[in-house]
Amino acid sequence: GQQLNQSPQSMFIQEGEDVSMNCTSSSIFNTWLWYKQDPGEGPVLLIALYKAGELTSNGRLTAQFGITRKDSFLNISASIPSDVGIYFCAGQHGGSQGNLIFGKGTKLSVKP
Amino acid sequence: GAVVSQHPSWVICKSGTSVKIECRSLDFQATTMFWYRQFPKQSLMLMATSNEGSKATYEQGVEKDKFLINHASLTLSTLTVTSAHPEDSSFYICSARDRDYWNEQFFGPGTRLTVL
C-alpha cells in the first residue's frame, strides 16, 4: 500500500538537544497526525493537524502542516530520555472518515 | 477517556490453529474499527476496516477468508487468524474511531502473535 516518506530513519542525540523529523507525500492530505510508539505498545497520538499551514504545540513538541498539504514536520525541543521511541507520521485523505497512511517511522535514541 | 483494549496482549500458537484477537473501546462507542499489522522494525499496515453491523472492507492483498473480522457491537471487534502459519507472526494493532469524534482514531496496545 501507499506509504509516506519519513526521515530520518533513526536519530541518536544527546539529552537536551532539539530534534526534527519530517514526512513528505506525493499526494495531498487533509489531516496530518504524529504518533509515538514505545516497544510492544500501540501508537499514541501526539499532535493532530487539520489545516494547511497550521502550527501546533504540545509541550515540547511542535508540528506543522505544510502549506502544500504534502508534508509535515515534528520538532522536539530539549529532548529527555523518555522521548526515546519510534515516531510515526500519518496522513489522512478526504474527510475525517478516511483511512490513515503511515510513514515508516523515525527511531529516536537519547543519550543521558 | 478514549481507551482501547486488546486481548490477549500476546499469544503463541501452533501452526494450523486459529487465534482470535479482541479489540474493545472501553469508554466510547466505535462505529468503525481498524485492524493493522506491524512486522518488526516496520510501519503499521492497514489490513481491514470494520464497521459495526456490516462486512469488513479488506485492503488489497489481505485474504478475507484467512483474517476473519467481526464487529458485532459498538464496542467490540474481533480478528480471527485462521489456520495460522509462521509467516502470520506479527504485531496486530486495532484502532477505534469514536462515533461522536470522527477526527481521531484511538489505538489499542497491540497483540503479539507468534506461530510456531
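Just above, that's the structure.
Residues numbered from 1 in each chain as written. Chains lettered and ligands numbered in written order. Predicted model: local features only at pLDDT ≥ 70, side-chain atom pairs only at ≥ 80, totals over all residues. Heavy atoms only, no water.

### Topic: the overall build of chain B
The helix and strand inventory of chain B stands at 0 helices and 11 strands. Counted from the first residue to the last, chain B has its helices and strands arranged as β-β-β-β-β-β-β-β-β-β-β. In terms of overall dimensions, chain B is globule-like: its C-alpha atoms have a radius of gyration of 13 Å, near the 13 Å expected for 116 residues. Projecting the C-alpha coordinates of chain B onto the three principal axes gives extents of approximately 40 × 25 × 20 Å. By the burial criterion, 51% of the 116 residues in chain B qualify as buried. A fraction of 55% describes how many contacts in chain B between residues 6 or more apart in sequence connect residues 24 or more apart. Counting every atom, chain B has about 5,700 Å² of accessible surface; 52% of that belongs to carbon and sulfur. Each charge class in chain B can be summarised by its mean position, and for the 11 positive and 11 negative side chains these summaries are 6 Å apart. (Helix = DSSP H or I, 4+ residues; strand = E, 2+ residues; numbered from the N terminus. Rg over C-alpha atoms; globule rule 2.2 N^0.38 Å. Buried < 20%, exposed > 50% of the residue type's maximum accessible area, 1.4 Å probe, protein only. Contact = heavy atoms within 4.5 Å. Areas by Shrake-Rupley, 256 points an atom, 1.4 Å probe, with all protein chains shown as cover. Lys, Arg positive; Asp, Glu negative; His and termini not counted. Charge placed at Lys NZ, Arg CZ, Asp CG, Glu CD.)

### A closer look at the environment of Tyr87 of chain A
All names here are of chain A. Position of Tyr87 relative to the elements: it lies in strand β9 (residues 85-92). Each C-alpha atom of the pair Tyr87 and Gly103 lies 9.0 Å from the other, and the pair is 16 residues apart in sequence. Sequence-distant contacts of Tyr87, that is, excluding residues within four places in its chain, are made with Gln6, Met21, Tyr35, Lys36, Leu46, Leu74, Ile76, Gly105, Thr106 and Leu108.

### Here's the deal with the interface of chain B and chain A
Interface extent is often summarised as the accessible area lost during association of the parts. Across the contact, 20 residues belong to chain B and 20 residues belong to chain A. Together chain B and chain A conceal approximately 1,600 Å² of surface at their shared face, both sides included; 53% is due to carbon and sulfur atoms. Where chain B packs against chain A, one counts 3 residue pairs in polar contact (both at pLDDT 80 or more). Elements that contribute at least two residues to the side of chain B that touches chain A include exactly β4 (30-38), β5 (45-51), β9 (90-98) and β10 (105-107) of chain B. (Buried area = accessible area lost by both parts, 1.4 Å probe. Polar contact = N/O pair within 3.5 Å; in protein donor to acceptor, adjacent residues only side chain to side chain.)

### A closer look at the pattern of salt bridges
When the charged atoms of two side chains lie near each other, side chains of opposite charge can form a pair. Under the criterion given, the structure shown has 4 salt bridges over all chains. Between Asp83 of chain A and Arg60 of chain A there is a salt bridge whose closest N-O contact spans 2.8 Å. Within this pair, whereas Asp83 of chain A is found in the loop between β8 (71-76) and β9, its partner Arg60 of chain A is found in the loop between β6 (55-58) and β7 (61-65), the two being separated by 23 residues in sequence. A salt bridge links Glu22 of chain B to Arg24 of chain B, with the shortest nitrogen-to-oxygen separation between them at 3.4 Å. According to the relative accessible area criterion, Arg24 of chain B is partly exposed, its value standing at 34%. (Salt bridge = Lys/Arg side-chain N within 4 Å of Asp/Glu carboxyl O.)

### Re the nonpolar core
Of all hydrophobic cores here, the largest spans 26 residues; its most connected members are Phe67 and Leu113 of chain B. Beyond its immediate stretch of four places on either side in the chain, Phe67 of chain B contacts Arg37, Met47, Tyr58, Val62, Leu79, Thr80, Val81, Asp88 and Tyr92 of chain B. Of all hydrophobic cores here, the second largest spans 22 residues; its members include Leu4, Met21, Cys23 and Phe29 of chain A. (Core = buried A, V, L, I, M, F, W, Y, C linked by side-chain atoms within 4.5 Å.)

### Observations concerning the state of the cysteines
Inspection of every chain in the model, using the stated rule, returns 2 disulfides over all chains. The disulfide that involves Cys23 of chain A links it to Cys89 of chain A, with 1.7 Å between the sulfurs. Where Cys23 of chain A bonds to Cys89 of chain A through sulfur, the torsion about that S-S bond is close to -85°, and the disulfide is left-handed. Placement of the pair is Cys23 of chain A in strand β3 (residues 19-24) and Cys89 of chain A in strand β9, with a sequence separation of 66 residues. Like Cys89 of chain A, Cys23 of chain A is buried. Residue Cys23 of chain B pairs covalently with Cys94 of chain B via a disulfide, S to S 2.0 Å. When the S-S torsion is 80°, as for the bridge of Cys23 of chain B with Cys94 of chain B, the disulfide is right-handed. Here Cys23 of chain B is found in strand β3 (residues 19-25), whereas its partner Cys94 of chain B is found in strand β9, with 71 residues between them in sequence. (Disulfide = S-S within 2.5 Å.)

### A word on the sheet that holds β3 of chain B
Residue and element names in this part refer to chain B. Read across the sheet, 4 strands follow the order β1-β3-β8-β7 without closing on themselves; strand pairing throughout is antiparallel. The sheet is open, and its two borders are formed by β1 (4-7) and β7 (67-73), each paired with just one other strand. Across the sheet, the axes of successive neighbouring strands diverge by a mean angle of 15°, strand direction being ignored. (Pairing = 2+ DSSP bridges. Axes fitted to C-alpha atoms, helices over the stretch in contact; angles between N-to-C directions.)

Everything listed is a geometric property; what it means functionally is a separate question.
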